[in-house]
Amino acid sequence: MDQQAILLLGYLIGSITFIVGLKMLSHPETARKGNIIAAVGMTIAIVVTIFLYRDHNGNPLGNYPWIFGGLIIGTVAGTLIAKRVQMTAMPEMVSLFNGMGGACAMLISIVEHHHNPNAEIGMKVVIVLGMIIGTVSFAGSMIAWGKLAGKIKDKNIPAGQAINFLLFAGLIVSSVMVIGGYNDSPALFYSILALAALYGILFVMPIGGADMPVVISLLNSFTGVAAAFGGFLYDNPVMLTGGILVGSAGTILTILMCNAMNRSLKNVLIGSFGGGAKGGGAAGDKEQGAYKEIGLNDTAVLMAYAQKVMIIPGYGLAVAQAQHACHELEKVLAEKDVEVVYGIHPVAGRMPGHMNVLLAEADVPYEKLLEMEDANDQMSTTNVVMVIGANDVVNPAAMDDPGSPIYGMPILEVEKAEHVIVNKRSMKPGYAGIENDLFFRPKTSMLFGDAKKVLQDLVSELKQM
Amino acid sequence: MEVLNELFTDTSTYRLLTIVILSIFLGIEVISRVPSVLHTPLMSGANAIHGVVIIGAIIVMGQAPSDDYLALTLGFLAVILGTLNVVGGFVVTDRMLEMFSKKKKK
């Protein structure tokens, strides 16, 4: 077998492992193995590229010290970051790594253009589009990362849509000029880069709240497409399969997430509800009335004498790192013969499945996590519902206020239970920036404080009883 | 028409387009029935897979002339970023899924 055949065989194996890996990742039993299989395939594809790739003139690759240096630095840094990160910060990690991939595609396009500014037209299309998509994905992911990490606040940009439209038009015009060869000044090429970066930033900036997972998933599929353009650039089948596979699977995943929230993708992208003046206004007009507060002691008593307690976790639980304390509470209550279950909204936290991962880390048994429909079925037989740091997913406005930006989103109908206790740090609205009527309803009592501290105090109260 | 002619006579482009179209359908097929619990790990796994862009970075780096400092620098940076995407992506996904399997055993 000659080297070219081995190279292509390696790529074929890579492509197959990506398909099989992705398939296995979508079933709970096989997911972990699927991830490892894809990683092995990736390693094979990388190794055969380094040693067996030949350019059009049959020359092998050079600069091995640089290649291995980069690989080693990336591997060490990537492993360290990924191992060290808190389980609660997983969503922003995905966004960060996604941004790295986008930036990688961007740099490839820049270097290829620099090598060959007068390439044939098809090549130029691939280079320019790859750069635009990679850059948008990179810039957007960085903003999403900053937002999830709490470093960047939601901003409503005045006339944001008009600006984005102008940017988009600018991108098209300058791309056509570069691709058509009407203007081959480097300045124009780099202005495309700048426009794309700006577009990526402004595209994500106003989107906030519950919509961030959807955006990350969308940017994820963007990077997939950018990688696929690299496949065209180098006539490389494994880049093409991997990239397109992620591009299309990512798009489907994005739509699935939108469906889980009962919102259309268009709604998410245009009707951004981050700093939404619209949403805030609708809720603000209404008389809110007063809310009831409840003390730790009363909460403990209420729970200890309940038959069934449902815990509804949200992002507040993740922020406070309260998953272990939450499991403690569950155990103490179980000793007192109180049945404890968890009601998990599909988009609770910052990403679908976020809560499942978090509670799994604290060894909460799988059977205790109820999906939304089951949880709602059991709500009427539940004595006490404890909402910990969740807000929008229990907001009744989603059911009865057509003016609310989250109207139509399925929620956990906590009011069907006997008592509702809401643990929050303050009366501030949730991440979607809208008021929650639930807090003012007669069944609801507020228990203020940091989730972890409150849960720990509750546990010690219960132990003394 | 000329473009089309070129497209269909150039077997390499035609072959690549076929892969693209089949991969699109494959991607949709593979993902369409996923429990919501797995959405995050799946997104993270897909995130690692598009790190395959690293191969482009390796080619760029390996072909950079030794006196072209722009290509050397950007190529080197691209290799690092691509590796971060691949390694970080797979490790993070594995950590998420590790938690699922741990609880399964109990």
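This one's a predicted model, so the numbers in the text were calculated from it and none came from an experiment.

(A) Geometry of the overall build of chain B. Counting secondary structure elements, chain B contains five helices and zero strands. Its helices and strands taken in sequence order, chain B reads α-α-α-α-α from the N to the C terminus. Burial status across chain B gives 58% buried among its 106 residues. Across chain B, every contact between residues at least 6 apart in sequence was considered, and the portion connecting residues at least 24 apart equals 59%. As presented, chain B carries roughly 4600 Å² of accessible surface, and 66% of it is formed by carbon and sulfur atoms.

(B) Broad picture of the pattern of salt bridges. Residues and elements named next belong to chain A. Taken as a whole, this structure holds eight salt bridges over all chains when the rule is applied. Asp 457 is the salt-bridge partner of Lys 453, the closest N and O atoms lying 3.0 Å from each other. With Lys 453 and Asp 457 both in helix α18 (residues 451-464) and four residues apart, this pair spans about one turn of that helix. When salt bridges with common partners are traced through the structure, they connect Asp 400, Glu 415, Asp 437 and Arg 441 into a single cluster.

(C) Looking closely at a negative patch on the surface. Residue and element names in this part refer to chain A. A contiguous patch of negative charge, built from Glu 371, Glu 373, Asp 374 and Asp 377, is present on the exposed surface. Looking at the negative patch, the element that brings in the most residues is helix α16 (residues 372-378), giving three residues. Mapping Asp 377 onto the fold places it in helix α16. For Asp 377, a relative accessible area of 60% corresponds to the exposed category.

(D) The arrangement of the packing of helix α2 (residues 31-52) of chain A against helix α4 (residues 54-63) of chain B in detail. Where α2 of chain A contacts α4 of chain B, the two axes come as close as 10 Å, and the packing angle between them is 15 degrees. It follows from the interaxial angle that α2 of chain A and α4 of chain B lie roughly parallel. Once α2 of chain A is placed against α4 of chain B, the crossing between them reads as right-handed. Facing α2 of chain A, whose interface residues are Ala 45, Ile 46, Thr 49 and Ile 50 of chain A, α4 of chain B presents Ile 54, Ile 55, Ile 58 and Ile 59 of chain B. For the contact of α2 of chain A with α4 of chain B, the class distribution of residues is seven nonpolar, one polar and no charged.

(E) Broad picture of a nonpolar patch on the surface. All names here are of chain A. Together, Leu 9, Leu 12, Ile 13, Ile 16, Val 20, Ile 36, Val 40 and Ile 44 make up an exposed nonpolar region whose accessible area comes to about 620 Å². Mapped onto the nonpolar patch, the elements with two or more residues apiece are α1 (3-25) and α2. For the nonpolar patch, the leading source of residues is α1, giving five residues. Within the fold, Ile 16 resides in helix α1. You can call Ile 16 partly exposed: its relative accessible area is 45%.

(F) Local environment of the nonpolar core. By size, the foremost hydrophobic cluster in this structure holds 155 residues, and its most contacted members are Leu 22, Leu 317 and Leu 329 of chain A together with Ile 55 of chain B. Tallying contributions element by element places helix α5 (residues 69-105) of chain B first for this core, with 15 residues. Not counting residues up to four positions away in its chain, the partners in contact with Leu 22 of chain A are Leu 245 and Ala 249 of chain A together with Val 30, Ile 31, Leu 42, Ala 46 and Ile 49 of chain B. Core analysis: the next-biggest nonpolar cluster, separate from the first, contains 27 residues, Ile 312, Ala 390, Leu 412 and Ile 434 of chain A among them.

(G) Looking closely at the interface of chain A and chain B. If you look at the interface, chain A gives 100 residues, while chain B gives 84 residues. Overall, the association of chain A and chain B removes approximately 8300 Å² of surface from exposure, summing both partners, and the carbon and sulfur fraction of that is 77%. When the buried area of chain A at its contact with chain B is split by residue, Arg 32, Met 42 and Trp 66 of chain A rank highest and sum to 8% of it. Along the contact surface separating chain A from chain B lie two salt bridges. With a shortest N-O distance of 2.9 Å, Asp 94 of chain B and Arg 32 of chain A are connected by a salt bridge. Summed over the shared surface of chain A and chain B, the number is 17 residue pairs in polar contact (both at pLDDT 80 or more). Counting only elements with at least two residues in the side of chain A that touches chain B, the list comes to α1, α2, α3 (64-84), α4 (90-115), α8 (212-233), α9 (237-260) and α15 (354-361) of chain A. When residues of the side of chain A that touches chain B are assigned to their parent elements, the largest contribution, 17 residues, is made by α4 of chain A. Split by residue class, the side of chain A that touches chain B holds 61 nonpolar, 29 polar and ten charged.

(H) The arrangement of the pairing of strand β7 (residues 444-448) of chain A in detail. Residue and element names in this part refer to chain A. The element β7 is largely enclosed, with a buried count of four among its five residues. Where strand β1 (residues 292-293) and β7 come together, two bridges link them in parallel fashion. Bridged to Lys 292 within β7 is Ser 445. Bridging between strand β6 (residues 419-424) and β7 involves five bridges; their strand directions are parallel. Its bridge partner lying in β7, Lys 424 is registered against Phe 448.

(I) Region of interest: the environment of Gly 34 of chain A. All names here are of chain A. Note that Gly 34 resides in helix α2. Considered as a pair, Gly 34 and Val 20 are 14 residues apart in the sequence and their alpha carbons are 6.9 Å apart. Not counting chain neighbours up to four residues away, the residues in contact with Gly 34 comprise Gly 21 and Met 24.

(J) Fine view of the packing of aromatic side chains. Residues and elements named next belong to chain A. Across all of its chains, the model carries nine aromatic pairs over all chains by this definition. Ring geometry for Phe 51 versus Phe 68: centroids 6.2 Å apart, planes at 40 degrees, classification tilted. Placement of Phe 51 in helix α2 and of Phe 68 in helix α3 is noted, with a sequence separation of 17 residues between them. Residue class for Phe 51 comes out partly exposed when judged on its relative accessible area of 44%. Connected via pairs of aromatic rings, a cluster forms that spans Phe 51, Tyr 64 and Phe 68.

Reading the values: the criteria
Residues numbered from 1 in each chain as written. Chains lettered and ligands numbered in written order. Predicted model: local features only at pLDDT ≥ 70, side-chain atom pairs only at ≥ 80, totals over all residues. Heavy atoms only, no water. Helix = DSSP H or I, 4+ residues; strand = E, 2+ residues; numbered from the N terminus. Buried < 20%, exposed > 50% of the residue type's maximum accessible area, 1.4 Å probe, protein only. Contact = heavy atoms within 4.5 Å. Areas by Shrake-Rupley, 256 points an atom, 1.4 Å probe, with all protein chains shown as cover. Salt bridge = Lys/Arg side-chain N within 4 Å of Asp/Glu carboxyl O. Patch = residues over 30% accessible without salt bridge, like charges linked within 9 Å, V, L, I, M, F, W, Y side chains within 5 Å. Lys, Arg positive; Asp, Glu negative; His and termini not counted. Charge placed at Lys NZ, Arg CZ, Asp CG, Glu CD. Axes fitted to C-alpha atoms, helices over the stretch in contact; angles between N-to-C directions. Parallel < 35°, antiparallel > 145°, perpendicular 65-115°, else oblique. Left-handed = near helix turned anticlockwise from the far one by under 90°. Nonpolar A, V, L, I, M, F, W, Y, C, P; charged D, E, K, R; others polar. Core = buried A, V, L, I, M, F, W, Y, C linked by side-chain atoms within 4.5 Å. Buried area = accessible area lost by both parts, 1.4 Å probe. Polar contact = N/O pair within 3.5 Å; in protein donor to acceptor, adjacent residues only side chain to side chain. Pairing = 2+ DSSP bridges. Phe/Tyr/Trp six-rings, centres within 6.5 Å; stacked < 30°, edge-to-face > 60°.

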